[in-house]
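Chains, contacts and geometry: an overview
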Amino acid sequence: MNAIQREIRYESDRDPAFADAIRKMPGCEAIDRCIQCATCSGICPVASYMDITPRRIIELTRSGFKDDVLKSNTIWICASCYACQVECPKEIGISDVMMALKTKAIAEGTYPKGMPIPILAQEFHDMVSQTGRVSESKLVQKLYLKTNPFKMFGLRRLGMKLMKTGRMSLKGESMKRPESLQRMLQAARIKK
Amino acid sequence: MKYAYFPGCSLKSSGRAFEESMLKLFAHLEIELEELDDWNCCGATAYMSVDETSAAALAARNLALAEKMALPLAVPCAGCYGVLRKSAHLQKDYPAIQKQVKDGLTAIGLSYTGAQEIKHPLQILAQDLGPKAMRSKVKKPLKGLKVACYYGCKLVRPEAPFDNQHDPQTMETLLKGVGARVVDFPMKTACCGGSLTGTIPDVGLELSWAILHDAHRREADVIATACPLCQFNLECYQEDIQEKHPDLKPIPVVYFTQLMGIAMGLSPEDMALHRQVVPLTPILQEKGILDSGAAKKSPPRQEHDA
């Protein structure tokens, strides 16, 4: 039997502070202009895979339905292709809203279980903050070890092709002087 | 002509063919590129989703390095191109971000005024150099080669700094200029799937498939790209896509720089054609653009009569 789910949303489910926090994030200022025309959902190449379409994400966000939004798979399936953003008749930064929601979900750890993208993002962030560069093969290894180690075997075919054509390096990439970058990031993170 | 050059991480690994072919092509066209000293990751979307301000600082460090050289910055990776532009906007429009980025840069003795010009190689060849300057250099026109020009997202969205947003033509103009035939390709700005091909293949590979499928329908011999992630997705996952779409026939996916270099008589090795997972060389030989390699290789071994 399917789990019984409540479909109705109540006023008490709303978190207006969440909506305000998103409104203050770069590119998200205009969400209140949304007229719910769904041009975004229509043009999105991956809307059919999302549990909540982009139009509904905008409405739920500005209404403060934090849990629905931050637990949805939508914000992770969004590939940041900006198709919605350029077609929006009210010029709302929809891709930027998706990005802001990703940031919130990562900060609060509220992403769906087994979703590899936030884990990839964190690994990517840590690697670049440390070395200043991305080592593609190391990143992929780390991702699969943390999410689905069995999938590593499935990658063998791709790995072989890349090795054969000299497009994969097993050595870690790094800047010559990553310490300088680390110093910069440290100074930039302090809000004065 | 001289530019500062930001390669980005992909052009040093899976996208090496882009860097190799572009460096050779630009040198041939007497366009000088000087790599930024000890550049760092652009601050890519994945990083940005964790910490936007730090991502802006990462981008700003590269822009500050370019500004110090007082040269426009060439950025071939469309992903990096988009991110560098985005963080320049973030600094301009959000004083709080600008302040934090400035503090970061100051800590390492750098500064950024916000005026750095950022250019994609497509723009440099089509607008700064111009097709006329290249015409006399065409040695092996790409006669009969049908190319689908694919731009992906970041060169035309959220802004299209050098071309039409819905129907860009820069790549078409360049490749027609070297003798290729371009096919109509409405999927040219569709999303390739980005990193979804690796993280949620059920979604990502379908997006790549739609683009490959359309290129076939339009009888293209090859897809030309201008982004290392698009190139990777469209070329390297074709076998995986075939598991779900067995009727998909392999189609080579290359960088536009590789095709231009071949047309200008540069060698297939210089144009890094050996890095193709789906080879292009047989098609170029079939069209008579490259000599058939058979003559150069040792002759096939003859079967002796018993």
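None of the values given here were measured: they were computed from a predicted structure.

**Quick look at the overall build of chain A**
Helix and strand content of chain A: 12 helices and 0 strands. In chain A, the succession of α and β elements from N to C terminus is α-α-α-α-α-α-α-α-α-α-α-α. Overall, the C-alpha framework of chain A stretches about 55 × 50 × 30 Å when taken along its three principal axes. Put simply, chain A has 192 residues, and 49% of those count as buried. Within chain A, residue pairs in contact and separated by at least 24 positions form 63% of the contacts whose partners lie at least 6 positions apart.

**As for the pattern of salt bridges**
Scanning all chains against the criterion turns up 37 salt bridges over all chains. Residues Arg167 of chain A and Glu235 of chain B are paired through a salt bridge, measuring 2.9 Å at the closest nitrogen-oxygen approach. Here Arg167 of chain A is found in the loop between α11 (156-164) and α12 (178-189), whereas its partner Glu235 of chain B is found in helix α11 (residues 228-236) on a different chain. The pair formed by Arg167 of chain A and Glu235 of chain B is uniform in burial state, with each residue classed as buried. Measuring nitrogen to oxygen at the nearest pair gives 3.8 Å for the salt bridge that ties Asp38 of chain B to Arg177 of chain A. Of the two residues, Asp38 of chain B is situated in the loop between β2 (32-35) and α2 (45-48) and Arg177 of chain A in the loop between α11 and α12; the pairing between them involves two chains. Of the residues examined, Asp38 of chain B reaches a relative accessible area of 4% and is grouped as buried. By relative accessible area, which is 38% here, Arg177 of chain A ends up partly exposed. Residues participating in the shared-partner salt-bridge network are Arg157 and Lys161 of chain A together with Glu239, Asp240 and Glu243 of chain B.

**Considering unusual backbone geometry**
Residues and elements named next belong to chain B. In the segment running from Arg157 into Pro158, the intervening peptide bond is cis, with an omega of 0°. For Pro158, the position within the fold is in the loop between β5 (146-149) and α8 (170-177). Even without glycine at this site, Glu30 takes up a positive phi of about 60°. Assignment of secondary structure puts Glu30 in the loop between α1 (16-28) and β2. A relative accessible area of 63% places Glu30 in the exposed class. Positive phi, close to 55°, is recorded for Ala70, a residue that is not glycine.

**Digging into the interface of chain A and chain B**
Contact residues are listed per partner, giving 59 residues for chain A and 64 residues for chain B. Both sides together, the interface formed by chain A and chain B hides about 5400 Å², and carbon and sulfur atoms give 60% of it. The interface formed by chain A and chain B holds 10 salt bridges in total. Notably, a salt bridge pairs Arg157 of chain A with Glu243 of chain B, separated by 3.1 Å at the nearest N-O pair. Across the contact surface, chain A and chain B share 34 residue pairs in polar contact (both at pLDDT 80 or more). By residue class, the composition of the side of chain A that touches chain B is 32 nonpolar, 11 polar and 16 charged.

**Overview of the domain arrangement of chain B**
All names here are of chain B. Domain parsing of chain B yields domain 1 (2-119) and domain 2 (133-297). The gap between the C-alpha centroids of domain 1 and domain 2 is 25 Å. Contacts between the two partners involve 22 residues from domain 1 and, on the opposite side, 23 residues from domain 2. Buried surface at the junction of domain 1 and domain 2, both sides included, amounts to about 2000 Å², of which 68% is carbon and sulfur. Looking at the side of domain 1 facing domain 2, the largest losses of area belong to Phe18, Leu25 and His28, adding up to 27% of the total buried there. At the boundary of domain 1 with domain 2, the tally comes to 3 salt bridges. Taking the shortest distance from any N to any O, the salt bridge between Glu20 and Arg275 comes out at 2.8 Å. Where domain 1 touches domain 2, the interface holds 4 residue pairs in polar contact (both at pLDDT 80 or more). If you list the elements that add at least two residues to the side of domain 1 that touches domain 2, you get α1 and α4 (78-93).

Cut-offs applied
- Residues numbered from 1 in each chain as written.
- Chains lettered and ligands numbered in written order.
- Predicted model: local features only at pLDDT ≥ 70, side-chain atom pairs only at ≥ 80, totals over all residues.
- Heavy atoms only, no water.
- Helix = DSSP H or I, 4+ residues; strand = E, 2+ residues; numbered from the N terminus.
- Buried < 20%, exposed > 50% of the residue type's maximum accessible area, 1.4 Å probe, protein only.
- Contact = heavy atoms within 4.5 Å.
- Salt bridge = Lys/Arg side-chain N within 4 Å of Asp/Glu carboxyl O.
- Buried area = accessible area lost by both parts, 1.4 Å probe.
- Polar contact = N/O pair within 3.5 Å; in protein donor to acceptor, adjacent residues only side chain to side chain.
- Nonpolar A, V, L, I, M, F, W, Y, C, P; charged D, E, K, R; others polar.
- Domains from an automatic or database assignment.

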